[in-house]
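Descriptive structure summary
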Amino acid sequence: MAKSPSKRPVSVNRSLSPYHTLERVVAGMVILGMLGLFLLVRPTPPEEPGNGNAAQAMLDFRSNLPETSTAQKIGQVTAGAAAADVLEVLGASVEEAEAAVSALRETGLVDRKRMRPGTALTAYFDESTLDGDAARLIAVSIKPDKKNTLLATRQADDSFFVSVLTARIMTSHRRVAGTIKTRLADALIEGKGNQAHAAAFAALFPDDPDLASGGRPGERFDAVFEIAEDERGNFLENGDLVFAAFNGETSRGSWYRYTPGDTGRTEFFDADGVAAQPFLTRYPIGHVPINSGFGQRYHPLTGQLHLHTGVDFRARRGTPVRAGGDGVIERMEFSDGYGRNVRIQHKRGYGTLYAHLSGFAPGIKAGDSVRKGDVIGYVGDTGSATGAHLHYEIRRNGRYLNPMTLDLPSGRNLATQPGEYAEFLAQKAKIDVLRGATVSPTMAAATLVTAPVTP
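This one's a predicted model, so the numbers in the text were calculated from it and none came from an experiment.

1. Some points on the overall build of the chain
Counting its regular elements, the chain contains 8 helices and 23 strands. The burial tally for the chain puts 41% of its 455 residues in the buried class. The contacts of the chain with a sequence gap of at least 6 include a subset with a gap of at least 24, amounting to 62%. Accessible surface, the chain: about 24800 Å² in total, of which carbon and sulfur atoms supply 53%.

2. As for helix H6 (residues 195-203)
For an α-helix, 3.6 residues make a turn, and residues three or four places apart therefore share a direction. Taken together, the buried positions of H6 are His197, Ala198, Phe201 and Ala202. One face of H6 carries all of its buried residues, which in axial projection span an arc of 130°.

3. A few points about the packing of aromatic side chains
The tally for this structure, following the rule as stated, stands at 12 aromatic pairs. A centroid spacing of 6.4 Å and a plane angle of 90° characterise the contact between Tyr256 and Phe424, whose relative ring orientation is edge-to-face. You can see Tyr256 sitting in strand S9 (residues 252-258) and its partner Phe424 sitting in helix H8 (residues 418-434), a full 168 residues away along the chain. By the burial criterion, Tyr256 is buried, and Phe424 matches it. Connected via pairs of aromatic rings, a cluster forms that spans Phe243, Tyr256, Tyr258, Phe269, Tyr421 and Phe424.

4. Let's talk about the nonpolar core
Residues Leu87, Leu104, Met115, Leu121 and Leu137 are the most contacted members of the largest nonpolar core, which totals 26 residues. Those elements that provide at least two residues to this core are helix H3 (83-90), helix H4 (94-105), strand S2 (120-131), strand S3 (134-142), strand S4 (148-154) and strand S5 (160-166). Among all residues touching Leu137, those that are not within four sequence positions of it are Ala92, Glu96, Ala100, Ala123, Tyr124, Phe125, Arg154 and Phe160. If you look at the next biggest cluster of nonpolar residues, it comprises 23 residues, including Val311, Ala323, Ile329 and Leu408.

5. With respect to the confidence of the model for the chain
Looking at the chain as a whole, the pLDDT averages 80, with 77% of positions reaching at least 70. Per-residue pLDDT stays below 50 along residues 1-62; that stretch engages in 55 contacts with residues further than four places along the chain or on separate chains. Throughout residues 439-455 the model reports pLDDT below 50, and contacts reaching past four residues in sequence, or to other chains, amount to 34 contacts.

6. What to know about the pairing of S4
Within S4, 7 of the 7 residues are buried, which leaves the element mostly enclosed by the surrounding structure. In S4, alternate side chains face the same way, and those of Asn148, Leu150, Ala152 and Arg154 on one face and Thr149, Leu151 and Thr153 on the other are all buried. By the bridge criterion, 4 bridges tie S3 to S4 in an arrangement that is antiparallel. Bridged to Ser141 within S4 is Leu151. Turn length for the S3-S4 hairpin, with the two strands adjacent in sequence and antiparallel, is 5 residues. The pairing of S4 with S5 spans 7 bridges and is antiparallel. Pairing of Thr153 across the sheet is with Phe161, part of S5. As consecutive antiparallel partners, S4 and S5 are separated by 5 residues, and within that stretch Asp158 has a phi angle of approximately 70°, a positive value.

7. Observations regarding the environment of Ala187
For Ala187, the location among the structural elements is in helix H5 (residues 184-190). Among the residues examined, Ala187 registers a relative accessible area of 4% and is labelled buried. C-alpha of Ala187 to C-alpha of Gly214: the two residues are 27 residues apart in sequence and 9.7 Å apart in space.

8. Observations concerning the pattern of salt bridges
Counted under the stated rule, the structure contains 22 salt bridges. With a shortest N-O distance of 2.6 Å, Glu96 and Arg154 are connected by a salt bridge. Separated by 58 residues along the polypeptide, Glu96 in helix H4 and Arg154 in strand S4 bring together distant segments of the chain. The buried category is assigned to Glu96, whose relative accessible area is 10%. Of the charged contacts, one joins Arg183 and Asp186 as a salt bridge, the two residues approaching to 3.0 Å between their closest N and O atoms. In this structure Arg183 comes out as partly exposed when scored by relative accessible area, which is 33%. Classification of Asp186 as partly exposed rests on a relative accessible area of 30%. Salt bridges sharing partners connect three or more residues here, namely Arg175, Asp222, Lys428, Asp432 and Arg435.

9. Overview of the environment of Asn247
Tracing the backbone shows Asn247 in strand S8 (residues 235-247). Given the relative accessible area of 44%, Asn247 is considered partly exposed. Not counting residues up to four positions away in its chain, the partners in contact with Asn247 are Glu219, Arg220 and Arg252. At 3.2 Å, the side chain of Asn247 and the side chain of Arg252 are in polar contact.

10. So, the packing of H3 against H4
With their axes 9 Å apart at the nearest point, H3 and H4 run at an angle of 140° to one another. Between H3 and H4, the angle falls in the class oblique. Relative to H4, H3 is oriented so that their crossing is right-handed. Contact residues: H3 offers Ala83, Ala84, Leu87 and Glu88, while H4 offers Val94, Ala97, Ala100 and Val101. Residues that form the contact of H3 with H4 fall into these classes: 7 nonpolar, no polar and 1 charged.

11. Looking at unusual backbone geometry
Of note, Asp158 is a non-glycine position whose phi angle comes to about 70°, a positive value. Mapped onto the elements, Asp158 comes out in the loop between S4 and S5. Overall, the relative accessible area of 40% leaves Asp158 in the partly exposed class. Although it is not a glycine, Asn397 sits at a positive phi angle of roughly 50°.

About the criteria used
Residues numbered from 1 in each chain as written. Predicted model: local features only at pLDDT ≥ 70, side-chain atom pairs only at ≥ 80, totals over all residues. Heavy atoms only, no water. Helix = DSSP H or I, 4+ residues; strand = E, 2+ residues; numbered from the N terminus. Buried < 20%, exposed > 50% of the residue type's maximum accessible area, 1.4 Å probe, protein only. Contact = heavy atoms within 4.5 Å. Areas by Shrake-Rupley, 256 points an atom, 1.4 Å probe, with all protein chains shown as cover. Arc of directions from axis to C-beta. Phe/Tyr/Trp six-rings, centres within 6.5 Å; stacked < 30°, edge-to-face > 60°. Core = buried A, V, L, I, M, F, W, Y, C linked by side-chain atoms within 4.5 Å. pLDDT = per-residue confidence, 0-100. Pairing = 2+ DSSP bridges. Salt bridge = Lys/Arg side-chain N within 4 Å of Asp/Glu carboxyl O. Polar contact = N/O pair within 3.5 Å; in protein donor to acceptor, adjacent residues only side chain to side chain. Axes fitted to C-alpha atoms, helices over the stretch in contact; angles between N-to-C directions. Parallel < 35°, antiparallel > 145°, perpendicular 65-115°, else oblique. Left-handed = near helix turned anticlockwise from the far one by under 90°. Nonpolar A, V, L, I, M, F, W, Y, C, P; charged D, E, K, R; others polar.

Here it is in structure tokens:
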């Protein structure tokens, strides 16, 4: 009888081949990546109603959501997790997340590349028709800004349609008054104003250059500015400064913001209806013809296209050139391009330049103070010039400005127009009631949020 082949025991090699080692490493990296994504997405618990956040805004969309068993989950975009990642972690499929985010971006109210870190997303899932362990994503809500709320709802063809809810904006006012403790901006910010309000305030008192840098402790101020709120009274944003009063060491006065009906140009007027006088002039040699305006042009000598940084006024050689405003002569010199020229430094960071002069006015030198209208030189054709003219520049903080379109105070007196003056006085009375300066029964219902700064 033949012997059957003997069965030798098979030894198992417990050591891993390089292929198996690589396979385990890749699997470990995938697991770590998923854990990291869950850590990056910050789930946010639903907040109490009334705080104006995205969850509260969703209450306005309840009628848009399907009548079904709905689960709500909230997540937050972070530096490491984009909006689609957040929705996936909350339970959406890749396709659902991408479709919802794409629809939200189509509104133009959401960044088309990446939502800002901190943006909250509220995802709604239908748990009545579970497919395995996954619930269907039926809606996504975000609040891209303080004014708008977006809701992307799933349609029958599995696409997402976005509804936009824009808050009804109400304009009211806030008053901040008291004394400066550190800086004017600090005092206004403490009263929920901002740096822009401080800059606008300081610009109304150019005789006090220290106010632009913060003012002095102990100086008194009073400011009223607009604020925008939604219909629930939630703050949305600050608006324009409408009143400024200051009582400092070197400057004092009160200014009211008003827009005359005949021009539509908003300015600040004093209590008598007189606008601030322009501290710079557009015409340092009077209203004469303009050879070349501000902007891009071909240079008459080189033929090259470049920025013409000022305005060229045509005038006869020897015509007196006057300082555009009060200031200090910074330089009097000769250069190949500008020829004989004078530079004057003015308030608020403004500077003016007068070029191609035939000569300087006698008795002046760099460092001297000049007044608006003082003669500083005479029209000529020195430097790169094809004929007698004045090249006039205005700069602010080193940036070239167009002298013809620069927004300068008008110096207008509304009292010369009875109808316009009456409208101004009515506006002034409203502002005075807002700041508590007068009591008027007809204005008793005026909206005012007062934020005094402790002296």
